[in-house]
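The primary structure of each chain is shown beneath.
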Amino acid sequence: MKIGEVIEKVPCIDEYVKNKEVDVLFTSNPSLRSVVVVRDEKPIGHITRTHFYQKIGTQYGYHLFMGRQNQLIIKENPLIVDRNIPITEVSTQAMSRPPEDLYDDVIVTKKDLYYGMVSIRELLLKLVDTQVAIASFLNPLSSLPGNKLINEKLEEALKLPQYSLIYFDLDHFKSYNDTYGFNKGDKILLYLTDILKRHICEVDDFLGHIGGDDFVAILPYYDAASICQRIIDDFDANILSFYELEDLEYVQVANRIGKLEPLTCTTLSVAVITNKFQYFGSVEQLSNAVTHVKKQCKKITGSCYLINTQETYFVH
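Residues numbered from 1 in each chain as written. Predicted model: local features only at pLDDT ≥ 70, side-chain atom pairs only at ≥ 80, totals over all residues. Heavy atoms only, no water.

Q: Any chance you could explain the nonpolar core here in plain terms?
A: Across soluble globular proteins, you tend to see nonpolar side chains buried next to one another. Counting residues in hydrophobic clusters, the biggest one holds 35 residues, and the most contacted among them are Ile 166, Phe 168, Leu 170, Ile 231, Phe 235, Leu 268 and Val 270. Those elements that provide at least two residues to this core are strand E8 (164-171), helix H7 (173-180), helix H8 (182-199), strand E10 (214-219), helix H9 (225-238), strand E13 (267-274) and strand E14 (304-308). With residues up to four places along the chain from it excluded, the contact list for Phe 168 reads Leu 196, Asp 213, Asp 214, Phe 215, Val 216, Ala 217, Ile 231, Leu 268, Ser 269 and Val 270. Grouped together as the second largest cluster of nonpolar side chains are 22 residues, Ile 150, Leu 154, Phe 280 and Cys 297 included. (Core = buried A, V, L, I, M, F, W, Y, C linked by side-chain atoms within 4.5 Å. Buried < 20%, exposed > 50% of the residue type's maximum accessible area, 1.4 Å probe, protein only. Helix = DSSP H or I, 4+ residues; strand = E, 2+ residues; numbered from the N terminus. Contact = heavy atoms within 4.5 Å.)

Q: Can you help me understand the packing of aromatic side chains in this one?
A: The relative placement of two aromatic rings is captured by the distance of their centres and the angle of their planes. Under the criterion given, the structure shown has eight aromatic pairs. Relative to Tyr 243, the ring of Tyr 176 lies with its centre 5.0 Å away and its plane at 75°, an arrangement referred to as edge-to-face. Of the two residues, Tyr 176 is situated in helix H7 and Tyr 243 in the loop between H9 and helix H10 (247-250); the sequence distance between them amounts to 67 residues. Residue class for Tyr 243 comes out buried when judged on its relative accessible area of 6%. (Phe/Tyr/Trp six-rings, centres within 6.5 Å; stacked < 30°, edge-to-face > 60°.)

Q: Could you clarify how one ought to interpret H7 in this entry?
A: Owing to its 3.6 residues per turn, the α-helix aligns residues three or four sequence positions apart on the same side. Of all the positions in H7, only Phe 173, Ser 175, Tyr 176, Asn 177 and Tyr 180 are classed as buried. Along its buried surface, H7 packs onto E8, H8, H10 and strand E11 (252-254). After H7 finishes, the residue Gly 181 shows a positive phi value of roughly 95°.

Now the structure itself:
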């Protein structure tokens, strides 16, 4: 949400308006918190109700200020932001102000001209709404974008001249959960999340969490092999630390058809498709293609990646 979507109109005056007229504005509008001061329609400061009456209310303040121009009483250097700045960014700037300015309204501009004001109360309320909305689109475990945002990014990827879609899936993860429980299983998912975040980190890269042990990445280029290999190397480097080593020798677990088999260490399958040699006209086609590559990848023992181009190949 942009800050310009939550503004309220607050009176503005030029710098030569006398303070007695400012007093009339405040007394005739009890809910008015501040008045914006403009020069050629561009905000240069504001006069808050509290600051105004602190000045006027001193021993000689009334006689000193009331008949004079507001230049003497204006609060300079207020927080001024463009209407297209996100609310989250504005709230960070607002909360970074000095304590005496912390609860001052935020001035909003459109093409540098005065556009409106936003109170701190309204800013914080909208910030909470925004954060709730953002959270609803994120996976609660990994805090990565979930299915809705993934689908939007896939739609955008279809329009790119180059892209690689990478599907990450854990092998033997169900048997780990069955043996050690979901709480420890979540720790493996967070372990993988941290690795993916370290490597899928460029400005235009996208990383999402479909759910469970399924993750996707979208890169705006074709050369994904080196990233896949580094991710696999990092994953394999410490995955054994999540196991009791003797369990890998003696524990038997039921597979998906109920047959007992030895507990096997979790590995990582990485399926990659690109539009280098093939065209995808829809997200469904894209999804079907990467799912097919993933199935082929999971037939290979150990962690590996498989890239589908004109020639399908894999690298351990």
